[in-house]
Amino acid sequence: MALEDLTQPQRDRLAFIELRVRFYGEVRRQDLFARFNIQAAAATRDLATYKELMPGNIDYDGKSKVHVRAELFRPLFDFSASRVLMWLAQGYGDNEPVRHRPLIPAEVGAQISSPDLETLSVITRAIHRKSAVQITYRALTCGMTSREIVPFALADNGSRWHVRAYDRRSSEFRDFVLARLADARFVDGPIADEERPDQDIQWNRVVELELVPHPANMRNPDTIEAEYGMSEGRLVTRVRAALVGYMLRSWNVDCTPDHSLRGGENHLWLKNRQALYGVANLVLAPGYSEPPASR
């Protein structure tokens, strides 16, 4: 049997099986029921077909009654990193990854960086298993380092993907650029209480930002109001504190108290600047500076 001999719906289901196993570490028949609304017999046949096409990719854990990723896994489908990350963030869509001619001319912006998919798969499975991972990381400040992290979430900062994790080297929760990770492997042992996601204050705190058309740069503020779907001349958005700096930079939001940035790219001004109190990554926010200490 060859992949080309299967129908498109069958290929869709096999791609889903591979995505689940490769990046989540496991797949159950119930996952196929829920996603494709098929019967148990059809799900069993799909799993058997995948095993026939790629023997050695999946093992069956009889105790847990779940199909798990085998040690010597080789991918059947050629997924792009951007497609995988979109699936992880938004769920599995239709059609296995093939190149289709667009219905109308369309171009997608190039990705600045793409992570290694096998490294990504270790990170995503560690998130699912609540496991620590040892990585090699290329940091801007200190170059190549080796460290142990406890990952728990992925985040898109507008230009590249990060993993949010507890860093055992610094004893802090930090962001790690996925494309700078290499040599990821699981670390045995329990996760300490202070390493768990509920202890990450910046991740769990939600900041409410009030954005308005830039008072100085926008001659026609109604254009910006329509573009951003504003109500009564403002857009209120809620963002995790850990992501606030990235979001403000990605949207080029003027964070000065007197809307003094004059760049043509600054369409928005942050009206409630006081909401940024305690946010850790404000070095990224355009025009932000710490208010002078009171005497």
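Note that this is a predicted model, so its numbers are computed, not measured.

**Student:** Would you take a moment to explain the overall build of the protein chain for this structure?
**Tutor:** Each helix and strand counted, the protein chain has eight helices and 12 strands in total. Structurally, the protein chain occupies a C-alpha span of about 70 × 50 × 30 Å along its principal axes. For the protein chain, the proportion of its 295 residues judged to be buried stands at 44%. Sequence-distant contacts in the protein chain: of pairs separated by 6 or more residues, those separated by 24 or more amount to 61%. Summing over all exposed atoms, the protein chain offers an accessible surface of approximately 16900 Å²; the carbon and sulfur share of this is 48%.

**Student:** I keep staring at the sheet that holds strand β2 (residues 58-61) and nothing clicks. Help me out?
**Tutor:** Strand pairing in a sheet relies on backbone hydrogen bonds, with the paired strands running either antiparallel or parallel. An order of β1-β3-β2 is seen for the three strands of this open sheet, with the pairing classed as antiparallel. Looking at the sheet topology across the chains shown, the edges are occupied by β1 (26-27) and β2. As paired elements, β1 and strand β3 (residues 66-69) share two bridges and run antiparallel to each other. Pairing of V27 across the sheet is with H67, part of β3.

**Student:** Where do I start with the packing of helix α1 (residues 8-24) against helix α3 (residues 40-53) in this structure?
**Tutor:** The angle between the axes and the distance between the axes are what describe a pair of packed helices. Running from N to C, α1 and α3 point in directions that differ by 75°, and their axes come no closer than 10 Å. When the interaxial angle is binned, α1 and α3 end up roughly perpendicular. Listed contacts from α3 to R13, L14, I17 and E18 of α1 are D46, L47, T49, Y50 and L53. Taken together, the residues of the contact of α1 with α3 sort by class into five nonpolar, one polar and three charged.

**Student:** Honestly, the environment of Y60 in this entry has me stumped. Any pointers?
**Tutor:** Relative to the helices and strands, Y60 is located in strand β2. Distance from Y60 to V27, taken between C-alpha atoms, is 9.8 Å for residues 33 residues apart in sequence. Look past the residues within four positions of Y60 in its chain and what remains in contact with it is K51, K65, V66 and H67.

**Student:** Explain the packing of helix α4 (residues 81-90) against helix α5 (residues 117-129) to me, please; I cannot follow it from the model alone.
**Tutor:** Two elements in contact, α4 and α5, have axes whose closest approach is 11 Å; the angle formed by their N-to-C orientations is 15°. When the axes of α4 and α5 are compared, the pair comes out roughly parallel. The handedness of the crossing between α4 and α5 is right-handed. For the pair α4 and α5, the contacting residues are A81, V84, L85 and L88 in the first and L117, L120 and T124 in the second. Broken down by class, the residue content of the contact of α4 with α5 amounts to six nonpolar, one polar and no charged.

**Student:** Just checking my understanding: could you explain the sheet that holds strand β8 (residues 181-187) for this structure?
**Tutor:** Taken together, five strands build an open sheet; the order of strands is β7-β6-β5-β4-β8 and the sheet is antiparallel. Whereas interior strands pair on both sides, the edge strands pair on one side only; in this sheet they are β7 (172-177) and β8. Direction aside, the axes of adjacent strands within the sheet are offset by 45° on average. Note that strand β6 (residues 161-167) and β7 share six bridges and pair antiparallel. Of the residues in β7, the one forming a bridge with A165 is R174.

**Student:** Quick question: what am I supposed to make of the pattern of salt bridges here?
**Tutor:** Once the charged atoms of two side chains with opposite charge are near each other, the side chains can pair. Summed over the entire model, instances satisfying the criterion amount to 14 salt bridges. Close ionic contact of R174 with E172 constitutes a salt bridge, the shortest N to O distance being 3.1 Å. Accessibility expressed as a relative area gives 34% for R174, which makes it partly exposed. You can call E172 partly exposed: its relative accessible area is 39%.

**Student:** Please explain unusual backbone geometry as it appears in this structure.
**Tutor:** Within the chain, K130 stands out as a residue other than glycine whose phi angle is a positive 60°. In this structure, K130 sits in the loop between α5 and β4 (132-139). For E232, which is not a glycine, the phi torsion comes out positive at approximately 55°. Among the secondary structure elements, E232 is positioned in the loop between α7 (221-227) and β10 (235-240). Of the residues examined, E232 reaches a relative accessible area of 78% and is grouped as exposed.

**Student:** How do you make sense of the nonpolar core when you look at a structure like this?
**Tutor:** Side chains that are nonpolar tend, in soluble globular proteins, to be buried together. Counting residues in hydrophobic clusters, the biggest one holds 46 residues, and the most contacted among them are L14, I17, L32 and V133. The greatest single-element share of this core, amounting to seven residues, is contributed by α1. Aside from chain neighbours lying at most four places away, what touches L14 is L3, L6, D46, T49, Y50, L53 and F77. Membership of the second largest hydrophobic core comes to 22 residues, among which are M218, I224, V239 and V279.

Quick notes on the rules
Residues numbered from 1 in each chain as written. Predicted model: local features only at pLDDT ≥ 70, side-chain atom pairs only at ≥ 80, totals over all residues. Heavy atoms only, no water. Helix = DSSP H or I, 4+ residues; strand = E, 2+ residues; numbered from the N terminus. Buried < 20%, exposed > 50% of the residue type's maximum accessible area, 1.4 Å probe, protein only. Contact = heavy atoms within 4.5 Å. Areas by Shrake-Rupley, 256 points an atom, 1.4 Å probe, with all protein chains shown as cover. Pairing = 2+ DSSP bridges. Axes fitted to C-alpha atoms, helices over the stretch in contact; angles between N-to-C directions. Parallel < 35°, antiparallel > 145°, perpendicular 65-115°, else oblique. Nonpolar A, V, L, I, M, F, W, Y, C, P; charged D, E, K, R; others polar. Left-handed = near helix turned anticlockwise from the far one by under 90°. Salt bridge = Lys/Arg side-chain N within 4 Å of Asp/Glu carboxyl O. Core = buried A, V, L, I, M, F, W, Y, C linked by side-chain atoms within 4.5 Å.

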